[in-house]
Amino acid sequence: QVQLVESGGGLVQAGGSLRLSCAASGLSGSNYLMGWFRQASGKEREFLVAFRWTNFRKDYGESVRGRFTISRDVAKKTVYLQMNSLRTEDTAVYYCAVADDRGWIVRDPHEYHYWGQGTQVTVSS
């Protein structure tokens, strides 16, 4: 049974930084994608970044490219999202998710089968 547990959210001022963590368990092999999404109140879930576990090839969404960085600890099966230069519009619930790896990175949240419970990030002005 796959479980994803996010942590690290909180309240930060605009311009500040946060690092989110996603600890995965129950995943076997390396044929999957891991990604981060967010959902602001009243909005659709937005793709942020994902990577292929097998080769760490990454794809960043336009809204976070250059400000957010994804990394991983293979031994701990933990993925991190370093968020810098935060803006008020980054306020949302942040989720990590897992999808099957079919050879390319997908951005559609419907392709992701496993989700964490989410962690709230609030950026104040």
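The rules behind the values
- Residues numbered from 1 in each chain as written.
- Predicted model: local features only at pLDDT ≥ 70, side-chain atom pairs only at ≥ 80, totals over all residues.
- Heavy atoms only, no water.
- Pairing = 2+ DSSP bridges.
- Helix = DSSP H or I, 4+ residues; strand = E, 2+ residues; numbered from the N terminus.
- Axes fitted to C-alpha atoms, helices over the stretch in contact; angles between N-to-C directions.
- Salt bridge = Lys/Arg side-chain N within 4 Å of Asp/Glu carboxyl O.
- Buried < 20%, exposed > 50% of the residue type's maximum accessible area, 1.4 Å probe, protein only.
- Core = buried A, V, L, I, M, F, W, Y, C linked by side-chain atoms within 4.5 Å.
- Contact = heavy atoms within 4.5 Å.
- Disulfide = S-S within 2.5 Å.
- Polar contact = N/O pair within 3.5 Å; in protein donor to acceptor, adjacent residues only side chain to side chain.

Trainee: How would you summarise the sheet that holds strand 7 (residues 68-73) if you had to cite specific residues and measurements?
Mentor: The sheet built from 4 strands is open, its strands ordered 1-3-8-7 with antiparallel pairing. In this open sheet, the two edge strands, each paired with only one partner strand, are strand 1 (3-7) and strand 7. Recorded for the sheet is a direction-independent mean angle of 20° between the axes of neighbouring strands. Summarising the sheet, strand 3 (residues 18-25) and strand 8 (residues 78-83) pair through 6 bridges and their orientation is antiparallel. Within strand 8, the position partnered with alanine 23 by the bridge is threonine 78.

Trainee: Go over the pattern of salt bridges, please, and point to the residues and values.
Mentor: A side chain with one charge can pair with a side chain of the opposite charge if their charged atoms come near. Counting across every chain of the model gives 8 salt bridges. Arginine 52 serves as the salt-bridge partner of aspartate 101, at 2.8 Å between the closest nitrogen and oxygen. Of this pair, aspartate 101 sits in the loop between strand 9 (92-100) and strand 10 (112-115) while arginine 52 is found in strand 5 (residues 46-52), placing the two residues 49 residues apart along the sequence. Accessibility expressed as a relative area gives 9% for aspartate 101, which makes it buried. In this structure arginine 52 comes out as buried when scored by relative accessible area, which is 17%. Of the charged contacts, one joins glutamate 111 and arginine 102 as a salt bridge, the two residues approaching to 3.1 Å between their closest N and O atoms. Each member of the salt-bridge network shares a partner with another, and the members are Arg38, Glu46, Arg67 and Asp90.

Trainee: Please provide a residue-by-residue account of the nonpolar core, values included.
Mentor: Counting residues in hydrophobic clusters, the biggest one holds 30 residues, and the most contacted among them are Leu4, Met34, Trp36, Val79, Leu81, Met83 and Tyr94. Among the elements of the structure, strand 3, strand 4 (32-39), strand 5, strand 7, strand 8, strand 9 and strand 11 (119-124) are those that each provide at least two residues to this core. Setting aside chain neighbours within four positions, we find methionine 34 in contact with Leu4, Cys22, Ala24, Leu27, Val49, Ala50, Phe51, Trp53, Val79, Ala97 and Val98. Among the nonpolar cores identified, the runner-up in size contains 9 residues, and Leu33, Phe37, Phe47 and Val106 belong to it.

Trainee: Could you give an account of the state of the cysteines, naming the residues involved and the relevant values?
Mentor: Summed over all chains, the structure comprises 1 disulfide. Put simply, cysteine 22 and cysteine 96 are joined by a disulfide, and their sulfur atoms are 2.0 Å apart. Sign of the S-S torsion, about 60° for the bond between cysteine 22 and cysteine 96, identifies this disulfide as right-handed. Here the residue cysteine 22 occupies a position in strand 3, and cysteine 96 occupies one in strand 9, the gap between them amounting to 74 residues.

Trainee: Any chance you could break down the side chain of threonine 119 for me, citing the residues and the numbers?
Mentor: Assignment of secondary structure puts threonine 119 in strand 11. A distance of 3.2 Å separates the side chain of threonine 119 from the backbone nitrogen of glycine 9, its partner in a polar contact. Dropping the residues within four chain positions of it, threonine 119 is found in contact with Glu6, Ser7, Gly8, Gly9, Leu20, Ala92, Val93 and Tyr94.

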